[in-house]
Amino acid sequence: MKNKTLILAFASAVLATSAFAADGPIKIGIPVGLSGANSVVAPSVVQSAELAVAEINAAGGVLGRQLALEIADDASGAAGAQKAFDSLVFQKEVNAVITMETSAARNAGLPIITKGDIPYIYTSFYEGKSCNANLFVNAWVPEQQVPPIVDNFIKTQGAKKFFLIGSDYAFGRGMLEFAKAYIEKSGASVVGEKYLPMEGSDWTAIISNLKSSGADAVITSTAGGAPNVTLTKQLRGAGVTIPYGNLAVDEGTAKSMGADAAGIFISASYVTSIGSDANKNFLAAIEKKFGAELRTPNDLSVPEYEGIYLYKAAVEKAGTTDTAAVLAALGEVSFAGPRGTVSMSKQHHAPLTMYLGQVKADGSVSVVDTFEGVDPGEQCPNL
């Protein structure tokens, strides 16, 4: 009789635990560079995630369950990402990872995502062609971002000789590899291509090479955040005034650069000046929530906000948080947000409206041209 009582008690405890798991919060992991190169932009990413979760929870949650954030510092690199992903996936047992990161961090985390078998929405612009059954991307790739800048420099600025500068890692090299091929295909030439380690901050020798190269345009692709700031400051300090296209700067980082950023050309899927009602409502909501602590919304933080809503839509379409069902739904759902309607429907990537902009003295971005529904091209044809 005693054993029977113990068995019944154990069974009741298991059922109670299962019920709690089904009714408890849906946990979203955010490994992000709170330290390291991405520390300039990471706070804005966290704020966008917090706003999305607050709005969704206030409206009743997802399938009747609340969302909860689990945030971990990936230190903007591979070693930190391995620790952060491992903690989130196997200790915190998050239901999904939705975040922007450096390419080094993303690549280090992907094997852990595969092992844990959970959805991963990558919300950072990147060099493209990262393919994994669990990975979806709602940010831009080179095929969407590079042509507006290069075309403008050649056709409007009269540029014929380009100099390329990057951080020495997957994003820096991948973006400039595409840029070089596109420049040469467009009839111009690349007269120099130089890289600095991602943790480097002294660009003096590279800038000297640029100035002696005869280049009439410069394009840079660095790790987002601190490397952008140091390179831009040193370019301006050295008196570089030729057309400057930056493939990695976001509007928030541009504001942090002050007058040094003035004149930079950027190509982005989000700028704060988008005039849609959805963007105006987003800006009003995030300003109300964070007030004086608000970090400028940008092309790294807004995809985070939308990524959480895309996950919500996929879970609701699937009717469950089960990974297989959610992954099947992620390529079929869409969300109408600050950037317009976004769907990760093209080989786990998203067609996007792109904006060619130029940074003004106050750090805001003036839109020069708009390109609607730009296709990401062939990214992951075998998925």
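Residues numbered from 1 in each chain as written. Predicted model: local features only at pLDDT ≥ 70, side-chain atom pairs only at ≥ 80, totals over all residues. Heavy atoms only, no water.

The chain is annotated in an unreviewed UniProt entry as Amino acid ABC transporter from Mesorhizobium waimense. Recorded in UniProt under Sequence similarities (unreviewed entry), the annotation for the chain is "Belongs to the leucine-binding protein family." (UniProt positions renumbered as here; feature names shortened; annotations may be inferred.)

Our next topic: the nonpolar core. Counting 99 residues, the largest nonpolar core has F162, I219, I308 and Y311 as its most contacted members. By residue number, the principal contributor to this core is helix α11 (residues 302–318), which donates nine residues. Looking at this core, you find at least three residues from each of domain 1 (26–140 + 274–350) and domain 2 (143–268). Judged by nonpolar contacts, the second largest core, of 21 residues, contains V94, I118, Y120 and Y122. (Core = buried A, V, L, I, M, F, W, Y, C linked by side-chain atoms within 4.5 Å. Buried < 20%, exposed > 50% of the residue type's maximum accessible area, 1.4 Å probe, protein only. Helix = DSSP H or I, 4+ residues; strand = E, 2+ residues; numbered from the N terminus. Domains from an automatic or database assignment.)

Another aspect to go through is the packing of helix α2 (residues 42–58) against α11. Running from N to C, α2 and α11 point in directions that differ by 35°, and their axes come no closer than 7 Å. Note that α2 runs across α11; the crossing there is right-handed. Between α2 and α11, the contacting residues are V45, S48, A49, L51, A52, V53, E55 and I56 on the first element and V302, E304, Y305, I308, Y309 and K312 on the second. In terms of residue class, the contact of α2 with α11 is made up of ten nonpolar, one polar and three charged. (Axes fitted to C-alpha atoms, helices over the stretch in contact; angles between N-to-C directions. Left-handed = near helix turned anticlockwise from the far one by under 90°. Contact = heavy atoms within 4.5 Å. Nonpolar A, V, L, I, M, F, W, Y, C, P; charged D, E, K, R; others polar.)

This paragraph deals with the pattern of salt bridges. For the structure shown, the criterion picks out nine salt bridges. One salt bridge connects D168 with R173, and the closest N-O pair in it is separated by 2.6 Å. By relative accessible area, D168 is classed as partly exposed at 38%. Residue classification places R173 among the partly exposed residues on the basis of a relative accessible area of 40%. A salt bridge links K317 to E332; the shortest N-O distance between them is 3.6 Å. Here E332 lies in the loop between α12 (323–330) and β11 (335–337) and K317 lies in helix α11, a separation of 15 residues in the sequence. The exposure classification of K317 matches that of E332, with both residues exposed. (Salt bridge = Lys/Arg side-chain N within 4 Å of Asp/Glu carboxyl O.)

Our focus in this paragraph is the state of the cysteines. In total, this model carries one disulfide according to the counting rule given. There is a disulfide in this structure between C131 and C380, and the S-S distance comes to 2.1 Å. The S-S bond linking C131 to C380 shows a torsion near -90°; that makes this disulfide left-handed. Residue C131 is located in the loop between β4 (120–122) and β5 (135–137), and its partner C380 is located in the segment after β14 (365–374); the two are separated by 249 residues in the primary sequence. C131 gets classed as partly exposed once you look at its relative accessible area, which sits at 41%. A relative accessible area of 2% means that C380 is categorised as buried. (Disulfide = S-S within 2.5 Å.)

This brings us to the domain arrangement of the chain. By a widely used convention, the size of an interface equals the accessible area lost when the partners come together. Once the domains are mapped, the chain shows domain 1 (26–140 + 274–350) and domain 2 (143–268). Domain 1 and domain 2 are separated by 28 Å when their C-alpha centres are compared. Summed over both sides, the interface of domain 1 with domain 2 buries roughly 1,600 Å², with 67% coming from carbon and sulfur. Considering only the side of domain 1, the residues that lose the most area to domain 2 are A37, E127 and W140, jointly responsible for 34% of the buried surface there. At the surface where domain 1 touches domain 2, the tally comes to one salt bridge. Between K129 and E143 there is a salt bridge, with its nearest N and O atoms 3.1 Å apart. For the pair domain 1 and domain 2, the interface holds three residue pairs in polar contact (both at pLDDT 80 or more). For the side of domain 1 that touches domain 2, the class distribution of residues is eleven nonpolar, seven polar and three charged. (Buried area = accessible area lost by both parts, 1.4 Å probe. Polar contact = N/O pair within 3.5 Å; in protein donor to acceptor, adjacent residues only side chain to side chain.)

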